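Residue strings, one per chain:
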Amino acid sequence: MGSTIIVNDLRKHYGQVRAVDGVSFSVEQGEFFGILGPNGAGKTTTLEIVEGLREADSGTVEVLGMRPWPRNSKLLTRIGVQLQATSFFERLTAREQIRTFASLYGVAPKKADEMLAQVGLEDKADTPAERLSGGQGQRLSIACALVHDPDIVFLDEPSAALDPQARRNLWDLLRQINDNGRTVVLTTHYMDEAESLCDRVAIMDDGRILELGAPAALVRGLEAVTRISLETGTLSVESAAEIAGPGASVDDDGVSVTIGTDDPARVLTALAERNLLTGIQVRGATLEDVFLNLTGREYRA
Amino acid sequence: MTAFTSLSRAMLLGWFRDKSALFFSILFPLMFLVLFGGIFSDMGTSKMAVVQVGKVPLLEQAAAGLGDVLEIQKSDDPAAAREKVKEGDVVAAISQQGDTLHVSYSAADQVRSGTVQGVLRQVVSQANAVGVPQRFTMTAQQVEDDSLKAIQYVTPGLLSWAVAMGAAFGAAATLVTWREKRILRRLRLAPVSLGSVVGARVGVSVAIALIQTAIFLGVASLPYFGLRLSAYWWMSIPLIIAGTLTFMAIGLVAGGLAKSAEAASGIANLIVLPMAFLSGSFIPLDASPGWLQTLSNVFPLKHLNQALLDVMVRGQGPLSVLPELGIVLAFGLVISLIAMKVFRWDSV
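Nothing here was measured: the structure is a model prediction, and the numbers come from that model.

Some details on the overall build of chain B
1) Next: The secondary structure content of chain B amounts to 13 helices and 5 strands.
2) Next: Looking at chain B residue by residue over its 348 residues, the buried ones come to 49%.

See below:
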């Protein structure tokens, strides 16, 4: 187990804009690594430099022990890239698309067809790529990225513009890819996606990495408040404040009474003693709170 | 399959399935061919005009019977009469020296000159039948003419225009859509050389141009249009290939400058269409003012037209068009250098 990707103090400026401003991280073999941040945070530029599409102004990148810039064919056969927009040849069917991509890597058509089946598109094989739905298109483009069995897969915003059902399906597919032992690097602006999929996540804003770690560890490290909600009327605001004790907040919006506390165990025990646990909701902090805490502003994708 | 063949295949399939590309590169030029070659060549009176030079007693004897087939004009100037034939004002010039009937005709209109010859042969044989022993003979001679008519002229011009348009649009549209759809970036991330990507596109464009040529010549050679190719027409193949390369380069410049596929085809159109008019693809330049004929030399299409016309219908030898071939390729080289300057992998 070694680092497959090592990025050190990467910088890229466009005129006055510092798209990437001193980014360092490393990705372990077999890891599911996420780069999370709002649009314009520098995620895509970082990814493009790592893939070898752009040259960094300064800093070093090593992927599988090789430099991605200038273009390195030996490295290209070992990485799979799915781009932000679904890049397909015009007027070709799904099968023709993936076979064309397969042949670029010297992979046999049979293997391409298998890959198509693996992403669940065998019944769409003869459909022109333009007529696939958003989710099907993404699955096809992921299949095209995987057809040559790469060691590392890069995915740039794979679930952008998908409906919730298609997103869930895609997540299952991505987990499968990772379970097969591949390293997966993904950018996303969805907090829930990063939380659900990634072993580790780098939170980026303004071209810098603000925090890096396992999603659960990041959230735990927050010492953020836990919100406990009950139906309005089951508990008066006064008695809620009494239970919560000093330092906690109590709020009643007419639907729920919400107690915000940094000592949820004590509050929950008190509620249990009063037999008030029916219909209770407990929400811990999420990556969104981490982002809020780091930047002092609300997360907006 | 190698990267080269699979990319070529992908592009060819994309082209075959693109109805509008098929229309504009095949059907649209054919419509022009029908228009110019078919309709215009049928224009004129049904009576065929011939000019009688000096005294032709044989013709005068038969004149009464020929009245509804031939319209006989008279002239005493053999040179002027030949000129009239050359210009296609009359089908043939007829003179008589002693017992020999001399007919001058133009190759531009083979059908009608053939008819006139047939009619005159009949006149001669009738006269022979009457006066035994055989007195009259007839010789026929083609006027080598510089101003070809209708289908003979129209075919090379329209073909070079169709090929130019197909190559320029194909290159421009591919470049822009591949850039917009990020296929170019995707290809950069695959272990394929730039050479096989460019090579595949060039190969496909050349293949399309040759398909266009085959269909075009096939249709024009139908009896209805009556194109007659000269012996060295095969020299048009290297010329077509050179033209394809040059106009692909023009398309690549358009594609490099344009931000969308629509803009790219607009720019390509803006370059190719006026050039086609000014290079004599539609209308012969022979009749145009001198300054226009001079100006037309700055367009590669003019040289392509000229060379195609020379080898396809004027019957000139393959070596005679080498200068034009060189000029077209030189244009291609210069424009390719410009195309490389304006080339972008990415839209941002």
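Focus: a nonpolar patch on the surface
1) Next: Together, Leu-210, Tyr-232, Trp-233, Trp-234 and Ile-237 of chain B give the surface a local cluster of nonpolar side chains, amounting to about 430 Å² of exposed area.
2) Next: Tracing the backbone through its elements, the reader meets Trp-233 of chain B in the loop between helix 8 (194-220) and helix 9 (236-257).

Considering the sheet that holds strand 3 (residues 32-36) of chain A
Residues and elements named next belong to chain A.
1) Next: Spatially, 6 strands are ordered 5-6-7-3-8-9 in an open sheet, and the strand pairing comes out mixed. The sheet is open, and its two edges are formed by strand 5 (79-82) and strand 9 (208-213), each paired on a single side. Shown here is a sheet whose adjacent strand axes are inclined to one another by a mean of 15°, direction ignored.
2) Next: For strand 8 (residues 200-205) and strand 9, the ladder comprises 5 bridges, and the chain directions are antiparallel. Counted as the bridge partner of Ala-202 is Leu-212 from strand 9.
3) Next: Against the sheet, helix 6 (residues 164-179) touches strand 3, strand 6 (152-156) and strand 7 (183-188), its axis set at about 150° to strand 7.
4) Next: On top of the sheet, helix 11 (residues 287-295) reaches strand 3, strand 8 and strand 9; it is set at about 40° to strand 8, its chief contact.

Section: the interface of chain B and chain A
1) Next: Of the residues lining the interface, 26 residues belong to chain B; the matching set on chain A comes to 29 residues.
2) Next: Here chain B and chain A share an interface that buries about 2700 Å² over both sides, 56% of which is from carbon and sulfur atoms.
3) Next: Close ionic contact of Arg-91 of chain A with Asp-18 of chain B constitutes a salt bridge, the shortest N to O distance being 3.4 Å.
4) Next: Those elements that place two or more of their residues in the side of chain B that touches chain A are helix 1 (3-16), helix 6 (150-180) and helix 7 (183-188) of chain B.
5) Next: Among the elements that line the side of chain B that touches chain A, the one with the most residues is helix 1 of chain B, at 7 residues.

Comments concerning the domain arrangement of chain A
1) Next: Once the domains are mapped, chain A shows domain 1 (3-214) and domain 2 (226-284).
2) Next: Domain 1 of chain A and domain 2 of chain A are separated by 43 Å when their C-alpha centres are compared.

A word on the packing of aromatic side chains
1) Next: All chains considered together, the criterion is met by 15 aromatic pairs over all chains.
2) Next: Consider the rings of Phe-28 of chain B and Trp-161 of chain B, whose centres lie 5.8 Å apart with planes at 55°: the pair is tilted. Of this pair, Phe-28 of chain B sits in helix 2 (residues 19-41) while Trp-161 of chain B sits in helix 6, and the two are 133 residues apart along the sequence.
3) Next: Accessibility expressed as a relative area gives 1% for Trp-161 of chain B, which makes it buried.
4) Next: Taken together, the ring pairs connect Phe-23, Phe-24, Phe-28, Phe-32, Trp-161, Phe-277 and Phe-282 of chain B into an aromatic cluster.
5) Next: One residue, Arg-167 of chain A, lies across the ring of Tyr-190 of chain A, its end atom 4.2 Å from the ring centre.
6) Next: Sitting over the ring of Trp-345 of chain B, Arg-188 of chain B keeps its end group 4.8 Å from the ring centre.

With respect to the nonpolar core
1) Next: Counting 68 residues, the largest nonpolar core has Phe-89, Ile-98, Leu-104, Leu-140, Leu-174 and Leu-287 of chain A as its most contacted members.
2) Next: If sequence neighbours within four positions are ignored, Leu-140 of chain A has contacts with Phe-88, Ala-94, Gln-97, Ile-98, Leu-116, Leu-121, Ala-129 and Leu-132 of chain A.

Here we look at the pairing of strand 10 (residues 226-231) of chain A
Along any regular strand the residues' side chains alternate between the sheet's two faces.
1) Next: The sheet contact formed by strand 10 of chain A and strand 12 (residues 256-261) of chain A spans 6 bridges and is antiparallel. Its bridge partner lying in strand 12 of chain A, Thr-226 of chain A is registered against Thr-261 of chain A.

Let's talk about the environment of Val-267 of chain A
Residues and elements named next belong to chain A.
1) Next: Note on placement: Val-267 falls in helix 10 (residues 264-273).
2) Next: Each C-alpha atom of the pair Val-267 and Thr-295 lies 29 Å from the other, and the pair is 28 residues apart in sequence.
3) Next: In contact with Val-267, other than residues within four places in its own chain, are Ile-228, Ile-243, Ala-244, Ile-259 and Thr-261.

Topic: the sheet that holds strand 11 (residues 249-252) of chain A
Residue and element names in this part refer to chain A.
1) Next: If you walk across this open sheet you meet the 4 strands as 11-12-10-13, and the pairing is antiparallel. Looking at strand neighbours, the two that pair on one side only are strand 11 and strand 13 (281-283), the edges of this open sheet. Taking each pair of neighbouring strands and ignoring which way they run, the sheet shows an average axis angle of 20°.
2) Next: The strands that helix 9 (residues 237-244) touches are strand 11 and strand 12; relative to strand 11, the one it contacts most, it runs at about 160°.
3) Next: Across the face of the sheet, helix 10 comes into contact with strand 10, strand 12 and strand 13 while running at roughly 20° to strand 10.

Each value, and the rule that gives it
- Residues numbered from 1 in each chain as written.
- Chains lettered and ligands numbered in written order.
- Predicted model: local features only at pLDDT ≥ 70, side-chain atom pairs only at ≥ 80, totals over all residues.
- Heavy atoms only, no water.
- Helix = DSSP H or I, 4+ residues; strand = E, 2+ residues; numbered from the N terminus.
- Buried < 20%, exposed > 50% of the residue type's maximum accessible area, 1.4 Å probe, protein only.
- Patch = residues over 30% accessible without salt bridge, like charges linked within 9 Å, V, L, I, M, F, W, Y side chains within 5 Å.
- Areas by Shrake-Rupley, 256 points an atom, 1.4 Å probe, with all protein chains shown as cover.
- Salt bridge = Lys/Arg side-chain N within 4 Å of Asp/Glu carboxyl O.
- Pairing = 2+ DSSP bridges.
- Axes fitted to C-alpha atoms, helices over the stretch in contact; angles between N-to-C directions.
- Contact = heavy atoms within 4.5 Å.
- Buried area = accessible area lost by both parts, 1.4 Å probe.
- Domains from an automatic or database assignment.
- Phe/Tyr/Trp six-rings, centres within 6.5 Å; stacked < 30°, edge-to-face > 60°.
- Lys NZ or Arg CZ within 6 Å of the ring centre and 35° of its normal.
- Core = buried A, V, L, I, M, F, W, Y, C linked by side-chain atoms within 4.5 Å.

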